[in-house]
Amino acid sequence: MSSVKDNDAVIVSIARSPIGRAKKGSLTTLRADDMAAQMVDAALKQVPELDTHDIYDLMMGCGQPGGEAGFNIGRIVTEILGLDWIPATTVQRYCASSLQTSRMAFHAIKAGEGDAFISAGVEAVSRFDRGTSDSWPNTKNPRFNSAAKVTQRIAASEQNWVDPRENGNLPDAYISMGQTAENVAQYLRISREEQDEWAVLSQNRAEEAIKAGFFEREITPLTLPDGTVVAKDDGPRFGTTIEKVQGLKSVFRENGTVTAANACPLNDGAAAAVIVSGAKAKSLGLKPLARIVSTGVSSLSAEIMGLGPIKASQQALKHAGMSMEDIDLVEINEAFASQVIGCARELEIPVNKLNIHGGAIALGHPFGMTGVRITATLLNGLQSTDQQFGLETMCTAGGQGMAMVLERL
């Protein structure tokens, strides 16, 4: 393993909550700000050597920062914890919101503009006033009305998906995520059978990991308002078989291929990490968990946003001077099975390196939390398998992707 340089950005602590099922799971009574505060507090308690007055900023990722998660939820969290001397901001890049906050800490340390940061993320879908797609009704820009109609026509055809911009049309920036998964399956000819097989693999791997105590090493229990302690993820379904999932109807498109089984559910959860410079870690006698090696972002048509991890991962690997062969484990956020399969094909990721403890189809995907949650799972996996380099990547609503290369230390 490489030695840590003074201007390296290193993760010295990380805490992720259990993941609850939205509306009907174990975390429905817990507000997003209270949930996030518990995880930030837990991450800080892992590094008592760090004086909180030395923390330059808290950056909170939140996919839909409105309602109870509004009013700059990052700042609300510092106030809840009595840490009002720490500046705080809230960042929104949908599914990659808290991966973005880790990237911001990485960049600030590299630029010499601070040596201690908190990267966190939260989503409490259970507490949304309405559903995820209509939380703010009548706010869509009417310029995109015709784009949606074009997308619907393409979806109804039996031809491969075609980027509407090729014909001078706007992309449907407001498209439903399920429709994007159908487009990816159509575009890359990914069958329903392939998607179901991946979904079963994700559930089965998560089940094996839970039985082995894998997630117990990364989950920090949450305390609910009534004093109940929640310590396990709601999502994984033990005993999932191909026979159980293949009879489900498609959800987003008539005669489609995306079902409730091969897509991630809606969830609640929070996570936080403390990221410091190599110099700061040395001065405090802290043993870093990992070094952030590089990051990458990408943009593509919103209608096939699920393929965003491809260019983002290639970019992150290029910045690191590495290839996929140098990576020991990969975590792709499983928004949908079709996009994981498509990205894995293009990036040539072996199945035995990819989401080996199950992914979001089984565990869940609280949008703002997922970036830091996957970091925790990736580091846990590298530690458990005694390996060195990991890649974390995800697609992002609106047509983007993000990736980060980590080195376990």
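In the nomenclature of an unreviewed UniProt entry, the chain is known as Acetyl-CoA acetyltransferase of Corynebacterium glutamicum. If you open the UniProt record of the chain and go to Subcellular location (unreviewed entry), you find "Peroxisome". Under the Sequence similarities (unreviewed entry) heading, UniProt states for the chain: "Belongs to the thiolase-like superfamily. Thiolase family."

Asks: Give a description of the environment of Ile14 that names residues and reports values.
Replies: Within the secondary structure, Ile14 sits in strand S1 (residues 9-16). The spatial distance from the C-alpha of Ile14 to the C-alpha of Arg373 is 8.8 Å, given a sequence separation of 359 residues. Not counting residues up to four positions away in its chain, the partners in contact with Ile14 are Gln46, Ala272, Ala273, Leu289, Val372, Thr375 and Ala376.

Asks: An account of the pattern of salt bridges is requested, with residue identities and associated values reported.
Replies: Tallied over the full model, the rule gives 15 salt bridges. Where Arg127 meets Glu68, a salt bridge forms, and the shortest distance between an N and an O atom there is 2.9 Å. One end of the pair, Arg127, is in the loop between strand S5 (116-124) and helix H4 (145-156); the other, Glu68, is in the loop between strand S3 (57-61) and helix H2 (73-80), and 59 residues separate them in sequence. Judged by its relative accessible area of 28%, Arg127 is partly exposed. Linked by salt bridges that have partners in common, Arg31, Asp33, Glu68 and Arg127 make up one network.

Asks: Provide a residue-level description of the UniProt feature "active site" (unreviewed entry) in the chain, including the pertinent values.
Replies: The sites that carry the UniProt feature "active site" (unreviewed entry) are, in the present numbering, Cys95, His365 and Cys395. The named residues occupy 301 residues along the chain; their greatest pairwise C-alpha distance, 12.0 Å, places them in one compact cluster. By secondary structure assignment, the location of His365 is in the loop between helix H11 (360-363) and helix H12 (370-385). Classification of His365 by relative accessible area gives buried; the value is 2%. Sequence-distant contacts of His365, defined by excluding residues within four places in its chain, comprise Cys95, Cys264, Pro265, Asn267, Asn333, Ala360 and Thr370. Inspection of the secondary structure puts Cys395 in strand S11 (residues 389-396).

Asks: Tell me about the packing of helix H1 (residues 32-45) against H2, residues and numbers included.
Replies: Running from amino to carboxyl end, H1 crosses H2 at an angle of 60 degrees, the nearest separation of the two axes being 9 Å. Accordingly, the angle class assigned to the pair H1 and H2 is oblique. Considering how the two elements wind past one another, H1 and H2 form a crossing that is right-handed. From H1, Ala32, Asp33, Asp34, Ala36, Ala37 and Val40 reach across to H2, where they touch Ile73, Ile76, Val77 and Ile80. Split into classes, the residues belonging to the contact of H1 with H2 amount to eight nonpolar, no polar and two charged.

Asks: Break down the pairing of S11 for me, with residues and values.
Replies: Burial of S11 is extensive: eight of the eight residues sit out of reach of the surface. The alternating pattern of S11 places Phe389, Leu391, Thr393 and Cys395 and Gly390, Glu392, Met394 and Thr396 on opposite faces, both of which are buried. Here strand S10 (residues 329-332) runs beside S11; their pairing, made up of four bridges, is parallel. Looking across to S11, one finds that Val330 is bridged to Leu391. In this structure, S11 lies alongside strand S12 (residues 400-408), joined through eight bridges in antiparallel fashion. Looking at the pairing, Thr396 lines up with Gln400 of S12. Once S11 ends, the chain turns through three residues before running back antiparallel as S12, passing Gly398 with a positive phi of about 95 degrees.

Rules of the game
Residues numbered from 1 in each chain as written. Predicted model: local features only at pLDDT ≥ 70, side-chain atom pairs only at ≥ 80, totals over all residues. Heavy atoms only, no water. UniProt positions renumbered as here; feature names shortened; annotations may be inferred. Helix = DSSP H or I, 4+ residues; strand = E, 2+ residues; numbered from the N terminus. Contact = heavy atoms within 4.5 Å. Salt bridge = Lys/Arg side-chain N within 4 Å of Asp/Glu carboxyl O. Buried < 20%, exposed > 50% of the residue type's maximum accessible area, 1.4 Å probe, protein only. Axes fitted to C-alpha atoms, helices over the stretch in contact; angles between N-to-C directions. Parallel < 35°, antiparallel > 145°, perpendicular 65-115°, else oblique. Left-handed = near helix turned anticlockwise from the far one by under 90°. Nonpolar A, V, L, I, M, F, W, Y, C, P; charged D, E, K, R; others polar. Pairing = 2+ DSSP bridges.

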